[in-house]
Amino acid sequence: MRWPHFPRPRPAAIVDTHARDRARMVAEQLEARGIRDPELLRAFGAVERHRFVEGDEPYGDHALPVGSGQTISQPYVVAIMTTAARPPEGWNGANVLEVGTGSGYQAALLGELGARLTTIERHEALATTARQRLEDAGYADDRIEVVVGDGTQGWSAHAPYRSILVTAGAPSVPGPLLEQLDRSGGRLVMPVGDRERQILTVVVREGDGLTTTELEPVVFVPLIGEHGHRAE
Ligand code: SAM
């Protein structure tokens, strides 16, 4: 017997809503605030943020929960961090470390930009979910590896890195991360400060020399580990 055919709700209509919200996010939260890099704007327009974050407003102009008591920053802060961390030769093929996988959204953006990424998360549950989300979103090729551990130690197996993004705040930049930075212009971006507030800080390495620049005040969850804050 053939079952009668009932048309299913059109998923395209749902996709269109997210695509429209994403386009608005790019225009109003990023371009309007001075983010100009066309490659980065394209990546923000392509990565489906709603696959990675929780809550009713995945494209909202605010931080959002990602599980295990952690949050992800608003898109604009993700954009200024990614802009500051960009290697001079561009992202394509660059060897990159992210500390603090969280939802996997920043990892997906870096994957979209063509980076070879190691991303490290201390909460195994978050790492497992992020790995699955990255796979579901089509970023599960051999260029993105999600690992579990204390990211204040870095991930020496894949060093040196052209770029290191630390997406949690600590009183100072962990020494092992500076050691794992490429000696010819490797860039590290992280929030430096106390648990309540930090300054987004950029460090560029040339040989044994480090140049530090401070960008703007931010509020990130704490970087917990041997070279960061203690767990409470
Ligand atoms: N980049 C993430 C995203 O795209 O969703 C947001 C990260 S959230 C602001 C910070 C993350 O850093 C949390 O998931 C937290 O568990 C993680 N974290 C804190 N200390 C860590 C450490 N020592 N090593 C690895 N991950 C750490």
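In what follows, the accompanying structure is described. (Residues numbered from 1 in each chain as written. Predicted model: local features only at pLDDT ≥ 70, side-chain atom pairs only at ≥ 80, totals over all residues. Heavy atoms only, no water.)

1. Here's the deal with helix α2 (residues 38-46)
Buried within α2 are the following residues: L40, L41, A43 and F44. Projected down its long axis, α2 shows its buried positions confined to an angular sector of 160°, all on one face. In this structure D37 caps α2, since a side-chain oxygen of it lies 3.0 Å from the backbone nitrogen of E39. (Buried < 20%, exposed > 50% of the residue type's maximum accessible area, 1.4 Å probe, protein only. Helix = DSSP H or I, 4+ residues; strand = E, 2+ residues; numbered from the N terminus. Arc of directions from axis to C-beta. Polar contact = N/O pair within 3.5 Å; in protein donor to acceptor, adjacent residues only side chain to side chain.)

2. Some words on the site of the ligand
Around the ligand, the structure places 26 residues, and the nearest of them are E98, S103, E121, G151 and I224. Take G100: an N or O atom from its main chain is 2.9 Å from a nitrogen atom of the ligand. Expressed as a share of its isolated accessible area of 600 Å², the protein-covered part of the ligand is 98%. When each cavity is represented as a set of grid points, the ligand is found to reside in the largest pocket. Those elements that place two or more of their residues in the shell around the ligand are β2 (70-72), α4 (105-112) and β4 (116-121). Counting residues per element, the shell around the ligand draws most heavily on β2, at 3 residues. (Near = heavy atom within 4 Å. Areas by Shrake-Rupley, 256 points an atom, 1.4 Å probe, with all protein chains shown as cover. 1 Å grid on protein atoms, 1.4 Å probe; cavity = no way out; pocket = protein on both sides within 12 Å on 5 of 7 lines; lining within 4 Å. Sits in = over half its atoms within 2 Å of the grid points.)

3. Examining the nonpolar core
Counting 45 residues, the largest nonpolar core has F44 and Y105 as its most contacted members. The set of elements that each furnish at least two residues to this core consists of α1 (11-30), α2, β1 (64-67), α3 (75-85), α4, α5 (124-136), β5 (144-148) and β8 (198-206). No other element matches the 8 residues that α3 contributes to this core. Sequence-distant contacts of Y105, that is, excluding residues within four places in its chain, are made with M25, F44, V47, R49, F52, I72 and V78. L178, L188, V203 and V221 belong to the second-largest nonpolar core, a separate cluster that totals 19 residues. (Core = buried A, V, L, I, M, F, W, Y, C linked by side-chain atoms within 4.5 Å. Contact = heavy atoms within 4.5 Å.)

4. Let's talk about the sheet that holds β8
As summarised here, the arrangement of the 7 strands in space is β5-β4-β3-β6-β7-β8-β9, forming an open sheet in which the pairing is mixed. Of all the strands in the sheet, the pair left with one neighbour each is β5 and β9 (209-218). Strand-to-strand twist of the sheet, defined as the mean angle between neighbouring strand axes without regard to direction, takes the value 15°. Inspection of the sheet shows β4 paired to β5 by 5 bridges, in the parallel sense. Across the sheet, the residue bridging to E121 is V148, located in β5. Contacts from α3 reach β6 (163-166), β7 (184-193), β8 and β9 within the one sheet, and its direction differs from that of β7 by about 150°. (Pairing = 2+ DSSP bridges. Axes fitted to C-alpha atoms, helices over the stretch in contact; angles between N-to-C directions.)

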